[in-house]
Amino acid sequence: MKKKKIYVLLGLFSFLGLTLYLSEQNSEVVKTRSVKAKALSESLLSNVKKIELNNSDGDFTLELAENTWVLPERGGYPADYSRVRSLMFKLARVSLSS
């Protein structure tokens, strides 16, 4: 009876060790993708000068003018930089997953 318990415990510890190892590997993949997405979005922020968006509510454009994102259709009204940055991060993630 003791041998059976030892084998069960050994199997359980092996399973837990394997699960821990695989979860660590998965977390490294997620970190790598996150770093790549950040680098790509930073590259997009520094290289993209104009963004045209089309949706069911209408079309609008974002343009980089004098280091500020503006909406030309609204008389050059400044866009919220954090939202433009968020959009770039999302675009980077989409391009990485494609």
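The sections below set out a description of the structure shown in this document.

1. What to know about the overall build of the protein chain
Now for step 1: Within the protein chain, the secondary structure is distributed over 2 helices and 4 strands.
Now for step 2: The order of α-helices and β-strands along the protein chain, N terminus first, is α-β-β-β-β-α.
Now for step 3: Out of the 98 residues belonging to the protein chain, those deemed buried represent 14%.
Now for step 4: Contacts in the protein chain between residues at least 24 apart in sequence constitute 38% of all its contacts with a sequence separation of at least 6.
Now for step 5: Accessible surface, the protein chain: about 8100 Å² in total, of which carbon and sulfur atoms supply 59%.

2. Looking at a nonpolar patch on the surface
Now for step 1: Taken together, L9, L12, F13, F15 and L16 make up a surface patch of nonpolar side chains, about 540 Å² in accessible area.
Now for step 2: As for its position among the elements, F15 is in helix 1 (residues 2-47).
Now for step 3: What makes F15 exposed here is its relative accessible area of 54%.

3. A short note on the pairing of strand 1 (residues 50-55)
Now for step 1: Here 6 bridges tie strand 1 to strand 2 (residues 58-65), and the two strands are oriented antiparallel to one another. Bridging from a neighbouring strand, I51 pairs with L62 of strand 2.

4. Considerations on the side chain of T61
Now for step 1: Locating T61 in the fold gives a position in strand 2.
Now for step 2: Here the side chain of T61 touches E73 through a polar contact of 2.9 Å, side chain to side chain.
Now for step 3: Those residues in contact with T61 that lie beyond four places of it in its chain are K50, I51, E52, V70, L71, P72 and E73.

5. Focus: the nonpolar core
Now for step 1: Residues I51, L62, W69, L71, A79, V84 and M88 constitute the largest nonpolar core, which totals 7 residues.
Now for step 2: Among the elements of the structure, strand 3 (68-71) and helix 2 (81-97) are those that each provide at least two residues to this core.

6. Structural notes on the pairing of strand 3
Now for step 1: Bridging between strand 2 and strand 3 involves 3 bridges; their strand directions are antiparallel. The residue of strand 3 that forms the bridge with A65 is T68.
Now for step 2: Linking strand 2 back to strand 3 in an antiparallel pair, the connection comprises 2 residues, with E66 at a positive phi of about 55 degrees.
Now for step 3: Once strand 3 ends, the chain turns through 5 residues before running back antiparallel as strand 4 (residues 77-78), passing G75 with a positive phi of about 70 degrees.

About the cut-offs
Residues numbered from 1 in each chain as written. Predicted model: local features only at pLDDT ≥ 70, side-chain atom pairs only at ≥ 80, totals over all residues. Heavy atoms only, no water. Helix = DSSP H or I, 4+ residues; strand = E, 2+ residues; numbered from the N terminus. Buried < 20%, exposed > 50% of the residue type's maximum accessible area, 1.4 Å probe, protein only. Contact = heavy atoms within 4.5 Å. Areas by Shrake-Rupley, 256 points an atom, 1.4 Å probe, with all protein chains shown as cover. Patch = residues over 30% accessible without salt bridge, like charges linked within 9 Å, V, L, I, M, F, W, Y side chains within 5 Å. Salt bridge = Lys/Arg side-chain N within 4 Å of Asp/Glu carboxyl O. Pairing = 2+ DSSP bridges. Polar contact = N/O pair within 3.5 Å; in protein donor to acceptor, adjacent residues only side chain to side chain. Core = buried A, V, L, I, M, F, W, Y, C linked by side-chain atoms within 4.5 Å.

Interpretation note: all reported values are geometric properties and have no functional meaning in isolation.
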